[in-house]
Amino acid sequence: MALFDTTAFRITEQGLSVLWQKQQVIQQNIANADTPQYKCKYLEFSGVLRDKLRANGTVKKELNLSSAIVTDYGTNDQGDKNNVDNDTQQAELAKAQIQYDALISQMNGNFSRIK
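A.B. asks: Please set out the environment of aspartate 85 residue by residue, giving values where relevant.
C.D. replies: Turning to its location among the elements, aspartate 85 is positioned in the loop between β2 (68-71) and α3 (86-114). Considering only alpha carbons, one finds aspartate 85 and asparagine 29, 56 residues apart in sequence, at a separation of 8.9 Å. Within polar-contact distance, the side chain of aspartate 85 engages the side chain of threonine 88 at 2.9 Å.

A.B. asks: Help me get a handle on α3, residues and values and all.
C.D. replies: Given a rise of 1.5 Å per residue, 29 residues ought to cover 42 Å, and the 42 Å separating the end C-alpha atoms of α3 matches this to within 8%. Among the residues making up α3, those that are buried are Gln89, Leu93, Ala96, Tyr100, Leu103, Met107 and Asn110. Summarising the contacts, the buried residues of α3 are in contact with α1 (7-31) and β1 (41-44). The backbone nitrogen of aspartate 87 lies 3.2 Å from a side-chain oxygen of the residue at the head of α3, namely aspartate 85.

A.B. asks: Run through the side chain of lysine 39, naming residues and quoting values.
C.D. replies: Mapped onto the elements of the fold, lysine 39 is located in the loop between α1 and β1. Reaching out from lysine 39, the side chain makes a polar contact with the backbone oxygen of lysine 81 at a distance of 2.7 Å. Residues within four places of lysine 39 in sequence aside, it is in contact with Asn29, Thr71, Asp72, Tyr73, Thr75, Asn76, Lys81 and Asn83.

A.B. asks: Mind laying out the packing of α1 against α3, listing which residues take part and the relevant values?
C.D. replies: Closest axis-to-axis distance for the α1/α3 pair is 9 Å, and the angle between their directions is 155°. In this view, α1 runs roughly antiparallel relative to α3, as classed from their interaxial angle. The handedness of the crossing between α1 and α3 is left-handed. Considering only residue class, the contact of α1 with α3 consists of 13 nonpolar, eleven polar and three charged.

A.B. asks: Break down the pattern of salt bridges for me, with residues and values.
C.D. replies: Per the stated rule, a full pass over the model turns up one salt bridge. Residue glutamate 92 pairs with lysine 22 through a salt bridge whose shortest N-O separation is 3.7 Å. With glutamate 92 in helix α3 and lysine 22 in helix α1, this residue pair connects regions lying 70 residues apart in the sequence. For glutamate 92, a relative accessible area of 27% puts it in the partly exposed group.

A.B. asks: Lay out unusual backbone geometry with the relevant residues and their values.
C.D. replies: At glutamine 37, a residue that is not glycine, the phi angle is positive and equals roughly 65°. Take glutamine 37: it is sitting in the loop between α1 and β1. Phi at lysine 81 takes a positive value of approximately 65°, unusual for a residue other than glycine. The residue lysine 81 is located in the loop between β2 and α3 in this model. For lysine 81, a relative accessible area of 46% translates into the label partly exposed.

Conventions we followed
- Residues numbered from 1 in each chain as written.
- Predicted model: local features only at pLDDT ≥ 70, side-chain atom pairs only at ≥ 80, totals over all residues.
- Heavy atoms only, no water.
- Helix = DSSP H or I, 4+ residues; strand = E, 2+ residues; numbered from the N terminus.
- Polar contact = N/O pair within 3.5 Å; in protein donor to acceptor, adjacent residues only side chain to side chain.
- Expected span 1.5 Å × (residues − 1).
- Buried < 20%, exposed > 50% of the residue type's maximum accessible area, 1.4 Å probe, protein only.
- Contact = heavy atoms within 4.5 Å.
- Axes fitted to C-alpha atoms, helices over the stretch in contact; angles between N-to-C directions.
- Parallel < 35°, antiparallel > 145°, perpendicular 65-115°, else oblique.
- Left-handed = near helix turned anticlockwise from the far one by under 90°.
- Nonpolar A, V, L, I, M, F, W, Y, C, P; charged D, E, K, R; others polar.
- Salt bridge = Lys/Arg side-chain N within 4 Å of Asp/Glu carboxyl O.

In structure tokens:
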């Protein structure tokens, strides 16, 4: 439907998808905080949208934001070679949830304006 085929709507929709993935990765880290030799994973996304905007000054209609899951092999925080810092992961999960809620509010606001 053309009504929802706007750049703002596509960015919000894809942002929600990325934040959902990020929450899933963080929850997996938290669930494996006591698993020996488990390596913490991160969803890498920063800079992708910024780079697309700088490419030619506009966001094209075929905008497709991407992300990648990266595993941290560089640190060993615990004696069992598990590197999940539970406090950090809890804080990151809270931050991602706040961002997700903000995008949901923005999308609801868009729907209210349309209605």
